[in-house]
Structure formats: C-alpha cells, structure tokens
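Architecture and fold: a report
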Amino acid sequence: MSSPQTILLIHGFPLDSRMWTPQRSALEAVGYRVLTPDLPGFGRRKPWPMENCSMESFADDIYRLLLADAGGRAAVGGFSMGGYVLLALLRRHPDVVTAIMLMDTHAAADTPPARENRHEMIRAVQERGVQPVGAAMVPRLLSSAAPVELRRDISAIIGAQSSVGIINAQAAMARRGDHTDLLRQLRVPALVVVGQEDVITPPATARAMCDKIPAGRLVEIPGAGHLANLEAPAAVNNALVEFLRVL
Ligand code: MLT
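Residues numbered from 1 in each chain as written. Predicted model: local features only at pLDDT ≥ 70, side-chain atom pairs only at ≥ 80, totals over all residues. Heavy atoms only, no water.

**Comments concerning the overall build of the protein chain**
Tallying secondary structure elements over the protein chain gives eleven helices and six strands in all. Its C-alpha atoms give the protein chain a radius of gyration of 17 Å, near enough to 18 Å, the size a compact globule of 247 residues would have. C-alpha extents for the protein chain along the principal axes are approximately 55 × 40 × 35 Å. Going through the 247 residues of the protein chain one by one, you find that 54% of them count as buried. When the accessible surface of the protein chain is split by element, carbon and sulfur atoms take 53% of a total near 10,600 Å². For the protein chain, the separation between the mean place of its 25 positive charges and that of its 24 negative charges on side chains is 2 Å. (Helix = DSSP H or I, 4+ residues; strand = E, 2+ residues; numbered from the N terminus. Rg over C-alpha atoms; globule rule 2.2 N^0.38 Å. Buried < 20%, exposed > 50% of the residue type's maximum accessible area, 1.4 Å probe, protein only. Areas by Shrake-Rupley, 256 points an atom, 1.4 Å probe, with all protein chains shown as cover. Lys, Arg positive; Asp, Glu negative; His and termini not counted. Charge placed at Lys NZ, Arg CZ, Asp CG, Glu CD.)

Printed below as a string of structure tokens:
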C-alpha cells in the first residue's frame with residue numbers, strides 16, 4: 001500500500017496550528033496525512049531570538065520538518081503570514097513542494113505605512129502585552145457577520161500567544177521581501193483561496209496574484225473575511241479537497 005500524500009499547512013499571524021482544526025479533520029477524513037506545525041514563537045513553540053526570525057528562516061524550519069517527517073515532498077498551504085513563509089520556501093527549496101495553496105495572502109512586501117503599523121503594534125505589545133493585538137486584529141480577521149463564538153475562540157488563540165513571538169514575527173514580516181516575480185515562475189499546481197469579505201488581503205489582490213501563476217486556480221469564498229477557513233470551513237474544505245483530488 002502506498003503511503004498517504006502529506007499536506008502541510010502553515011498558520012497565520014498571530015495564531016497557531018489550532019487555526020487549521022477544521023481543515024485537518026476534513027483532509028484526514030479523505031485519507032491525507034496532515035501536518036500543521038507551529039511557527040517559532042507561536043503555539044507550543046518557544047520564540048527564537050529576533051535576529052534569527054525571518055520568513056526565510058521560518059521557511060527553512062518548514063523545510064527541515066518536510067525532510068524529517070514527510071520524505072521531503074508535500075503539498076503546502078499557507079494562510080496570510082503562512083503564505084509569506086510558503087513563498088520563501090518556494091524560493092529556497094522548490095523541490096520539496098508538489099502543489100501550493102495560497103490562502104488569504106499576497107506576494108508583495110510591506111508598503112511604508114504597513115511597516116509603520118507593524119512598528120506601532122510592536123510598541124503597543126512592549127508596553128501592554130498581547131491584549132491590544134486581539135482588540136486591533138479580531139475585527140479585521142472576520143466579516144461583520146461572523147458569530148460571536150468564533151470571535152471569542154479567535155481572541156482566545158491570540159491571547160494565548162507570547163509577546164515575544166508576536167513582536168519577532170511582526171519585525172520579520174516588516175523586513176520581508178517581495179515575491180511577485182516568483183509567481184510567474186511557479187511550475188506546480190496552485191490554488192488561491194480568498195474570503196470575499198477579506199479586508200486584509202482582498203479578492204482583487206488574490207485575483208491579481210492568481211493571474212500571474214501559470215497553473216493558478218482561484219476560489220472566492222462568499223460571506224467570509226480574512227480567516228475564511230474558520231468562517232466558512234465547509235466551503236474552504238471543499239475547495240482544498242477538489243484541488244488536491246486531481247493532483
Ligand atoms: C496574517 O493573517 O497572518 C496577517 O494578517 C499577515 C500580516 O500581518 O501581513
């Protein structure tokens with residue numbers, strides 16, 4: 001019997017592997033092996049020193065995991081910050097990636113105002129801990145119609161992250177480079193998923209990114225914000241299963 005195909009999903013900011021609970025269940029139910037690592041400084045992982053944190057070093061960390069635990073081959077998905085890490089992985093270690101799922105993410109570097117917002121958040125966390133992060137981000141992560149229970153669950157996940165992990169990831173995202181040029185060079189099947197109500201990486205951004213990927217396919221998720229995979233898990237799971245089924 002051949003071993004099951006491995007799917008590795010990289011979480012976003014300021015979340016951890018728990019954001020993939022609905023996708024893990026759905027993909028395991030149809031026979032995939034699913035890896036949902038925590039990035040350094042999130043979930044159960046201790047933070048790395050700030051100078052060691054970058055999208056590239058996080059991508060190398062995923063690469064080592066794929067070599068150790070997946071025979072060096074997997075279909076890889078990344079949500080938002082996880083997408084930045086996935087693009088860095090494609091740049092540095094393309095041979096380990098068989099297909100990609102770019103979810104509510106984009107390929108560009110930060111604009112100067114976006115970078116300044118990150119530095120403001122870093123100052124707020126240094127002064128007041130993680131509380132301001134949830135307060136600022138939860139309304140932007142979900143559509144206005146999202147149920148109160150989901151808001152509460154996401155606030156709890158954000159509130160459980162460490163200040164150091166959040167600060168280091170913000171600094172690393174502020175420093176990240178632009179991967180737009182890489183999109184046209186991608187030779188693996190690619191699924192782009194975006195919530196139609198995503199205000200952080202809106203559908204127009206996803207469409208422009210998908211248009212540049214030779215084998216790119218776009219799925220827009222109605223009624224869902226940035227965290228489409230948690231707001232509309234059934235629709236996102238269907239999109240992932242349909243995409244993976246034909247690989
Ligand atoms: C995320 O959801 O991972 C973040 O919104 C990404 C970012 O801050 O650029």
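**Description of the layout of surface pockets**
For the largest pocket, the calculated volume is near 600 Å³. Mapped onto the lining of the largest pocket, the elements with two or more residues apiece are α3 (81–92), α4 (112–128), α5 (131–141) and α7 (163–175). The element contributing the most residues to the lining of the largest pocket is α4, with six residues. By residue class, the composition of the lining of the largest pocket is twelve nonpolar, seven polar and five charged. In this structure, the second largest pocket encloses a volume near 190 Å³. Taken together, Asp16, Ser17, Arg18, Asp38, Gly43, Arg44, Arg45, Ala160 and Gln161 make up the lining of the second largest pocket. Taken together, the residues of the lining of the second largest pocket sort by class into one nonpolar, three polar and five charged. (1 Å grid on protein atoms, 1.4 Å probe; cavity = no way out; pocket = protein on both sides within 12 Å on 5 of 7 lines; lining within 4 Å. Points joined across faces, edges and corners; volume = space filled by probe spheres on them. Nonpolar A, V, L, I, M, F, W, Y, C, P; charged D, E, K, R; others polar.)

**Details of the pairing of strand β5 (residues 190–195)**
Burial runs high along β5: six of the six residues are buried. The alternating pattern of β5 places Ala190, Val192 and Val194 and Leu191, Val193 and Gly195 on opposite faces, both of which are buried. In terms of strand pairing, strand β4 (residues 97–103) meets β5 through four bridges, oriented parallel. Counted as the bridge partner of Ile100 is Ala190 from β5. Judged from the six bridges that link them, β5 and strand β6 (residues 216–221) form a sheet pairing that is parallel. Residue pairing for β6: Val194 is matched across the bridge by Glu220. Taking the sense of rotation as the criterion, the β-α-β connection linking β5, helix α9 (residues 203–212) and β6 turns out right-handed. (Pairing = 2+ DSSP bridges. Right-handed = clockwise from strand over helix to strand, strands pointing away.)

**Overview of the site of the ligand**
In the neighbourhood of the ligand, the contacting residues comprise Gly12, Phe13, Phe79, Ser80, Met81, Tyr84, Arg118, Met137, Met173, Ile200 and His226. Tyr84 is positioned such that a nitrogen or oxygen atom in its side chain is 2.5 Å from an oxygen atom of the ligand. Contact distances for the ligand include 2.9 Å between an oxygen atom and a side-chain N or O atom of His226. Structurally, the ligand is housed in the largest pocket. Along the lines of polarity and charge, the residues of the shell around the ligand split into seven nonpolar, three polar and one charged. (Near = heavy atom within 4 Å. Polar contact = N/O pair within 3.5 Å; in protein donor to acceptor, adjacent residues only side chain to side chain. Sits in = over half its atoms within 2 Å of the grid points.)

**What about the packing of helix α1 (residues 21–29) against helix α11 (residues 233–245)?**
Between α1 and α11, the shortest axis-to-axis distance is 10 Å and the interhelical angle comes to 45°. Between α1 and α11, the angle is such that the two are oblique. Here the hand of the crossing between α1 and α11 comes out right-handed. Seen from α1, the contacting residues are Pro22, Gln23, Ala26 and Leu27; seen from α11, they are Pro233, Val236, Asn237, Leu240, Val241 and Leu244. (Axes fitted to C-alpha atoms, helices over the stretch in contact; angles between N-to-C directions. Parallel < 35°, antiparallel > 145°, perpendicular 65-115°, else oblique. Left-handed = near helix turned anticlockwise from the far one by under 90°. Contact = heavy atoms within 4.5 Å.)

**Describing the sheet that holds strand β3 (residues 74–79)**
Strand order across the open sheet formed by six strands is β2-β1-β3-β4-β5-β6, with parallel pairing between neighbours. Each end of this open sheet is capped by a strand with a single partner; those strands are β2 (33–35) and β6. With strand direction ignored, the average angle separating the axes of adjacent strands in the sheet is 20°. Both β3 and β4 contribute to a ladder of six bridges, which runs parallel. Note on β4: the bridge partner recorded for Val76 is Ile100. Running at roughly 160° to β2, α1 makes contact with β1 (6–10) and β2 of the sheet.

**Here's the deal with the pattern of salt bridges**
Throughout the structure, instances matching the rule amount to twelve salt bridges. With its nearest N and O atoms 3.8 Å apart, the salt bridge here joins Asp61 to Arg64. Pair noted here: Asp61 and Arg64 are both in helix α2 (residues 55–69), with a separation of three residues, about one helical turn. Since its relative accessible area comes to 13%, Asp61 is described here as buried. On the accessibility criterion, Arg64 (46% relative accessible area) is partly exposed. The partner of Glu116 in a salt bridge is Arg123, and the shortest N-O contact between them spans 2.9 Å. Given the relative accessible area of 40%, Arg123 is considered partly exposed. Here the salt bridges share partners, and the residues they tie into one network are Arg45, Asp61 and Arg64. (Salt bridge = Lys/Arg side-chain N within 4 Å of Asp/Glu carboxyl O.)

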